[in-house]
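Structural description and commentary
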2 protein chains.
Amino acid sequence: MRIATWNVNSVRARQQRLVNWLKSAQPDVLCLQELKCTDADFPFDVVKEAGYFAAVHGQKTYNGVAILAKTEPTDVIRGLSDGVDDTHARFISATVNGIRVVSAYAPNGQQVDSPAYVYKLEWYRRLRNYLDTRHKPDDLVVMGGDWNIAPDPIDVYDVAQWEGQTLFTLRERDALQQVCAFGLTDAFRKLYPDVQKFSWWDYRMLMFPKNKGVRIDHLFLTAPLVPRLTACDVDREERKGQQPSDHAPVWLELKD
Amino acid sequence: MRIATWNVNSVRARQQRLVNWLKSAQPDVLCLQELKCTDADFPFDVVKEAGYFAAVHGQKTYNGVAILAKTEPTDVIRGLSDGVDDTHARFISATVNGIRVVSAYAPNGQQVDSPAYVYKLEWYRRLRNYLDTRHKPDDLVVMGGDWNIAPDPIDVYDVAQWEGQTLFTLRERDALQQVCAFGLTDAFRKLYPDVQKFSWWDYRMLMFPKNKGVRIDHLFLTAPLVPRLTACDVDREERKGQQPSDHAPVWLELKD
DNA sequence: GTCTTCAAAG
DNA sequence: CTTTGAAGAC
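Just so it is clear, the structure is predicted and the values come from calculations on it, not from any experiment.

1. Brief notes about the UniProt feature "domain: Endonuclease/exonuclease/phosphatase" (unreviewed entry) in chain A
Here the UniProt-annotated "domain: Endonuclease/exonuclease/phosphatase" (unreviewed entry) positions come out as residues 4–247 of chain A. This span, residues 4–247 of chain A, is 23% helix and 24% strand, and a straight line between its end C-alpha atoms measures 13 Å.

Now the structure itself:
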């Protein structure tokens, strides 16, 4: 079973690339982030045409997440559903083939100590609470998303430059660790403890050609799924060519 | 020798369609209108890559005309060059294979009797003056362009609806006739006196699917070229599909 | 750089 | 419907 995550940076602007990628990569499940459109504007028709069901939590202009799957996702939950008044469409979960799948778009955080940064740390605290409330560590859970946090020094192209910058501050990395401490494993890092691969490159300053990126898109697995993990990679090719998303898809393979 | 005219409605937005059309239609000369970009922003590289030289008279946002040709255009003149202070980039002429080629984007005219309408009639008067000053009726001249005038009742989809509307008022049609009276022949109408074909359809109101258009893009020939005219047509296919221009290309064939 | 929104123009 | 430009986000 192949599960992928991709921040498409506008599902409408990326419609053709999305369809092409689905056809070539053939994931069983794809977690999408930054749809940047409402449910009404989501291209359900072309996704269906490509052979996928879609559970969507859209929002105008910003955010928006979805779970695409070859079999119909069930028990769809939109948002963290913790009673907090939060208008951002950043979280959706659904069950696909007996696995609970999450598609998450973590807040970016803007500047350190800005309101957005505070919201980001709080959002991570709420996410840990979501896991504690809804799941046991031995549930079958895969969480894919744009987490807007590089977990370790190896995950940024230049530690000196990233030191203290949003996406790489100690407080953010700690917040992510607190979530993982529930019992989640970073699929890519599990398979490749020492490999440096990035999933996001700024559109500006030729960051992609220079390969100056960061790894902020992750797939997390609960413990019972870790022994089934056989492959995980970043599809760097998808970042190339005309009008790419600034993020590349990340995918993993689970054996039966 | 194949000569074509096409209002591309932004040469940058239509870059890929332009290249595809050049490759399939293989005109020796293409007159372009509504480039909507400056000379600095004109995609010289992709045009060259497609096998064409380009003489360009660009303008930011509005207007902009060019002559593309498989052999290098010489003696390029930008504008009507009649001493009138006119900032609109609506006219360019150049010599290609011994033929003087004009690419013209006539003013639209907005509402009847508006300043734009007065400017349009005056522009046509200046154009006739340009011909009188620079040419003899037996020169080899081809003028392609978006003339924003439907010459005859057959050239609009509904005469009753178009009666008195800009593009079809008697004063505009007379202004165009005054230009043609210099000694120019409408290539399409010469070959097909009774055929109704359109070259422009409004983007709105499903005008193209309903084929409610007008013929305002024309190729005019001086007398010595008329006996050499073997074919002329509108490429209606180019108006179809995703992100078309609102105009279709018009082309003609001259035998040697 | 590339996306969104909006207004103005055709 | 499709383009342009501007502003704001990342």
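Past the structure itself, the notes keep going.
2. Things to note about the sheet that holds strand S3 (residues 53–57) of chain A
Residues and elements named next belong to chain A. Taken in spatial order, the 6 strands of this open sheet run S3-S4-S2-S1-S12-S11, and their pairing is mixed. Of all the strands in the sheet, just S3 and strand S11 (229–234) have a single pairing partner and so form its edges. Sheet twist, expressed as the mean angle between neighbouring strand axes with direction ignored, is 15°. With 5 bridges connecting them, S3 and strand S4 (residues 65–69) associate as antiparallel partners. Note that in S4 the partner of Val 56 across the bridge is Ala 66. Here helix H1 (residues 15–25) sits on the sheet and contacts strand S1 (2–7), strand S2 (29–33) and S4; the angle it forms with S1, its principal contact strand, is near 160°.

3. Description of the protein's contact with DNA strand D
By nearness alone, 14 residues border DNA strand D, and Asn 108 and Gln 110 of chain A together with Ser 10, Arg 14 and Tyr 203 of chain B come closest of all. Near the protein, meaning within 4 Å, the atoms of DNA strand D are sugar or phosphate in a fraction of 72%, with bases accounting for the rest. Contacts to DNA strand D include Asn 108 of chain A, whose side-chain N or O atom sits 3.2 Å from a sugar or linking oxygen.

4. Details of the protein's contact with DNA strand C
Neighbouring DNA strand C are 13 residues; Ser 10 and Arg 14 of chain A together with Asn 108, Gln 110 and Arg 204 of chain B lie closest to it. For DNA strand C, the fraction of atoms within 4 Å of the protein that belong to sugar or phosphate moieties is 59%. Taking Asn 108 of chain B, its side chain carries an N or O atom lying 2.7 Å from a sugar or linking oxygen of DNA strand C. The side chain of Arg 204 of chain B places a nitrogen or oxygen atom 2.9 Å from a base oxygen of DNA strand C. For the surface near DNA strand C, the class distribution of residues is 3 nonpolar, 6 polar and 4 charged.

5. Quick word on empty space enclosed by the protein
All names here are of chain B. Applying the stated criterion across every chain, the model contains 1 cavity of 30 Å³ or more. Taken as a whole, the largest cavity encloses approximately 40 Å³ of empty space. Of all the secondary structure elements, the ones that give two or more residues to the lining of the largest cavity are strand S10 (217–222) and strand S11 (229–234). Broken down by element, the residue count for the lining of the largest cavity peaks at 3 residues, all from S10.

6. Re the sheet that holds strand S12 (residues 250–254) of chain B
All names here are of chain B. Taken in spatial order, the 6 strands line up as S3-S4-S2-S1-S12-S11 in an open sheet, and their pairing is mixed. Looking at strand neighbours, the two that pair on one side only are strand S3 (53–57) and S11, the edges of this open sheet. The average angle at which neighbouring strand axes cross in this sheet is 15°, direction not considered. Where strand S1 (residues 2–7) meets strand S2 (residues 29–33), 5 bridges bridge the pair, whose relative direction is parallel. Across the sheet, Ile 3 pairs through a bridge with Val 29, a residue of S2. On top of the sheet, helix H1 (residues 15–25) reaches S1, S2 and strand S4 (65–69); it is set at about 160° to S1, its chief contact.

7. Focus on the UniProt feature "site: Interaction with DNA substrate" (unreviewed entry) in chain A
Per the UniProt entry, the sites bearing "site: Interaction with DNA substrate" (unreviewed entry) are His 247 of chain A in this numbering. Apart from the residues within four sequence positions on either side, His 247 of chain A is in contact with Trp 6, Asn 7, Asp 146, Ser 199, Trp 200, Ile 216, Asp 217 and Arg 239 of chain A.

8. Some thoughts on the side chain of Asp 186 of chain B
Residue and element names in this part refer to chain B. Locating Asp 186 in the fold gives a position in strand S9 (residues 184–186). What makes Asp 186 buried here is its relative accessible area of 13%. Separated by 2.8 Å, the side chains of Asp 186 and Arg 215 make a polar contact. If we skip the residues at most four places from it in the chain, Asp 186 touches Pro 151, Arg 215, His 218, Leu 219 and Phe 220.

9. Overview of the pattern of salt bridges
For the structure shown, the criterion picks out 30 salt bridges over all chains. With a shortest N-O distance of 3.0 Å, Asp 132 of chain B and Arg 128 of chain B are connected by a salt bridge. One end of the pair, Asp 132 of chain B, and the other, Arg 128 of chain B, are both in helix H3 (residues 115–134), 4 residues apart, so they sit about a helical turn from each other. We classify Asp 132 of chain B as partly exposed; its relative accessible area is 41%. Looking at Arg 128 of chain B, the relative accessible area reads 24%, which means it is partly exposed. Connected via shared salt-bridge partners are Asp 155, Asp 186, Arg 189 and Arg 215 of chain A.

The rules behind the values
Residues numbered from 1 in each chain as written. Chains lettered and ligands numbered in written order. Predicted model: local features only at pLDDT ≥ 70, side-chain atom pairs only at ≥ 80, totals over all residues. Heavy atoms only, no water. UniProt positions renumbered as here; feature names shortened; annotations may be inferred. Helix = DSSP H or I, 4+ residues; strand = E, 2+ residues; numbered from the N terminus. Pairing = 2+ DSSP bridges. Axes fitted to C-alpha atoms, helices over the stretch in contact; angles between N-to-C directions. Contact = heavy atoms within 4.5 Å. Near = heavy atom within 4 Å. Polar contact = N/O pair within 3.5 Å; in protein donor to acceptor, adjacent residues only side chain to side chain. Nonpolar A, V, L, I, M, F, W, Y, C, P; charged D, E, K, R; others polar. 1 Å grid on protein atoms, 1.4 Å probe; cavity = no way out; pocket = protein on both sides within 12 Å on 5 of 7 lines; lining within 4 Å. Points joined across faces, edges and corners; volume = space filled by probe spheres on them. Buried < 20%, exposed > 50% of the residue type's maximum accessible area, 1.4 Å probe, protein only. Salt bridge = Lys/Arg side-chain N within 4 Å of Asp/Glu carboxyl O.

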